[in-house]
Amino acid sequence: MNQSDEFYIGWEAKAAPGIGKTLRKAVVIMLAMALLAPVVLAISQRLIGASVFEWGNHKSFAGILQATPYPHLLVPRPGNAGGFPRSSAYYLVAPWKFGLKPETIAPLDGKSVTLKGTLIYRGNQTMIEVLPGSIQMTNIAGAALPQAVALGKQALVGEIVDSKCFLGVMNPGQLTPHRACAIRCISGGVAPVLLVRQKDGAAVYLLLVSADGKPVNKQVLNMVAEPVEITGDVERQGELLILHADPVNYRRL
């Protein structure tokens, strides 16, 4: 043993110079790691996305009400649409975990209406939570209804989400933690959507309907918030993408 070796003596008031220097370095490193750990953890988490629910802010809207395949409002774009569809499409839902009642809006299908409600949006997807009793038929001229454009049969992999929560009412309104809430919303009439996450580019949202274009709320409840593959015919109606496929043919992954 070298006579210059230092020993740590617990009852001494001050540690040996070499040991003290080493301990100070160790303490500084540990403090730095403790400060950086939360930052690294936060950065590593997947972002939940920018979604907005303008709760309590009621606005007025005018457009053509479409009852099928799920209630939505076509609001004409002013001036030249610049290559975009002539109308913006807004999904329509009732307050809380409900869609609009089909029997209530059926007489207004294809009619020009005004209504009041709260905006919900995420990216290019928009929705209005309609203020009860605010829908009124008008004589305001609306834009021509968009023609359906067939995009062919496609096999798509994604997650079934309830459009209301995912667009902004809940954040994040997706994956297993949100499953119970999504089931309640979809069973209450909120439109089910297939969320397809692309590696490059924005996510794609497709309204889910049966092969003959009918709502599939009750049929998809046992597959909500799970990865699925759906093969069916895709069509575009203005801003809306619609996927026609019978739920019995959905495939869990």
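Residues numbered from 1 in each chain as written. Predicted model: local features only at pLDDT ≥ 70, side-chain atom pairs only at ≥ 80, totals over all residues. Heavy atoms only, no water.

1. Focus on the pattern of salt bridges
When the charged atoms of two side chains with opposite charge come close together, those side chains can pair. Heads up, the condition is: The working definition used for a salt bridge is a side-chain nitrogen of Lys or Arg within 4 Å of a carboxyl oxygen of Asp or Glu. The buried label goes to any residue with under 20% of its type's maximum accessible area, the exposed label to any with over 50%, and the partly exposed label to all in between, with areas taken from a 1.4 Å probe on protein chains only. In DSSP terms, a helix is any run of H or I states spanning at least four residues, a strand is any run of E spanning at least two, and both are numbered starting from the N terminus.
Inspection of the entire model under this criterion finds seven salt bridges. Across the pair Lys59 and Glu54 runs a salt bridge whose closest N-O atoms are separated by 3.2 Å. In this structure Glu54 comes out as buried when scored by relative accessible area, which is 16%. For Lys153, the salt bridge goes to Asp233, with nearest N and O atoms at 3.8 Å. Here Asp233 lies in strand β11 (residues 227–237) and Lys153 lies in strand β8 (residues 148–162), a separation of 80 residues in the sequence.

2. As for the side chain of Asp162
To keep it simple, the criterion reads: When charges are counted, Lys and Arg are positive and Asp and Glu negative, with His and the chain ends excluded. The contact definition used throughout considers only heavy atoms, calling two residues in contact when any of these lie within 4.5 Å.
By the secondary structure assignment, Asp162 is in strand β8. Despite its burial, Asp162 pairs with no opposite charge, the nearest such side chain being Lys97 at 6.9 Å. Excluding its chain neighbours within four sequence positions, the residues that come into contact with Asp162 are His178, Ala182, Cys185, Ile186, Val190 and Ala191.

3. As for helix α4 (residues 179–187)
This is how the line gets drawn: By definition, the arc is the one covered by directions from the helix axis to the C-beta atoms.
Those residues of α4 that fall on the buried side of the exposure criterion are Cys181, Ala182, Cys185 and Ile186. With its buried residues spanning 130° around the axis, α4 presents them on a single face. Facing away from the buried surface of α4 by more than 90 degrees, the exposed residues are Ala180 and Arg184. Of the surrounding elements, those touching the buried residues of α4 are β8, α3 (163–169) and β9 (192–196). Backbone geometry just after α4 places Gly189 at a positive phi near 110°.

4. Focus: the confidence of the model for the chain
Applicable threshold: Confidence scores labelled pLDDT are given residue by residue by the predictor and lie between 0 and 100.
Put simply, the chain has an average pLDDT of 86, and 82% of its residues get 70 or more. When the elements of the chain are averaged for pLDDT, helix α1 (residues 17–44) gives the smallest value, 76, and strand β12 (residues 240–244) the largest, 97.

5. Some remarks on the packing of aromatic side chains
Worth spelling out the cut-off: When the centres of two rings from Phe, Tyr and Trp lie within 6.5 Å, Trp using its six-membered ring, the rings pair. Their planes under 30 degrees apart give stacked, over 60 give edge-to-face, and anything left gives tilted. Should the NZ of a Lys or the CZ of an Arg lie within 6 Å of a ring centre and within 35 degrees of the ring normal, that charge is described as sitting over the ring.
Within the structure shown, the criterion is met by two aromatic pairs. Seen in terms of ring centroids, Phe166 and Tyr205 are 5.9 Å apart; in terms of plane orientation they differ by 50°. Their pairing is tilted. On the criterion of sequence distance, the pair formed by Phe166 in helix α3 and Tyr205 in strand β10 (residues 204–209) is long-range, its members being 39 residues apart. Tyr205 matches Phe166 in its accessibility class, with the two residues each being buried. Over the aromatic face of Phe166 sits the side chain of Arg122, whose NZ or CZ is 4.0 Å from the ring centroid.

6. What about unusual backbone geometry?
Peptide bonds are, in most cases, trans, and in most cases residues other than glycine have a negative phi. Residues Thr68 and Pro69 are joined by a peptide bond in cis, for which omega reads -5°. Counting through the fold element by element, Pro69 comes out in the loop between β1 (51–66) and β2 (72–76). Of note, Trp96 is a non-glycine position whose phi angle comes to about 60°, a positive value. Tracing the chain through its elements places Trp96 in the loop between β3 (87–94) and β4 (98–99). Not every positive phi belongs to a glycine, and Ala225 is a case in point at roughly 65°. Along the polypeptide, Ala225 turns up in the loop between β10 and β11.

7. Comments concerning the nonpolar core
This is how it is decided: Here the nonpolar core consists of buried residues drawn from Ala, Val, Leu, Ile, Met, Phe, Trp, Tyr and Cys, with membership extended through side-chain atoms lying within 4.5 Å.
In this structure, Ile160, Leu194 and Tyr250 are the most contacted members of the largest nonpolar core, which totals 44 residues. Apart from the residues lying within four places of it in its own chain, the contact partners of Ile160 are Ile186, Pro192, Val193, Leu194, Leu208, Val220, Met223, Val224, Ala225, Glu226, Val228 and Tyr250.

8. Details of the pairing of β1
The test is simple: DSSP bridges decide pairing: two strands pair if at least two such bridges lie between them.
Sheet analysis places β1 next to strand β5 (residues 112–122), joined by 10 bridges and oriented antiparallel. Bridge assignment links Lys59 to a residue of β5, and that residue is Gly117. When β1 meets β2, the two strands line up antiparallel, connected through three bridges. Bridging across to β2, Ile64 finds its partner in Leu74. Remark: five residues form the turn of the hairpin made by β1 and β2, two consecutive strands paired antiparallel.

9. Thoughts on the environment of Gly63
Tracing the sequence through the fold places Gly63 in strand β1. Once residues lying within four places of it in the same chain are set aside, the contact partners of Gly63 are Leu73, Leu74, Val75, Pro76, Lys111, Ser112 and Val113.

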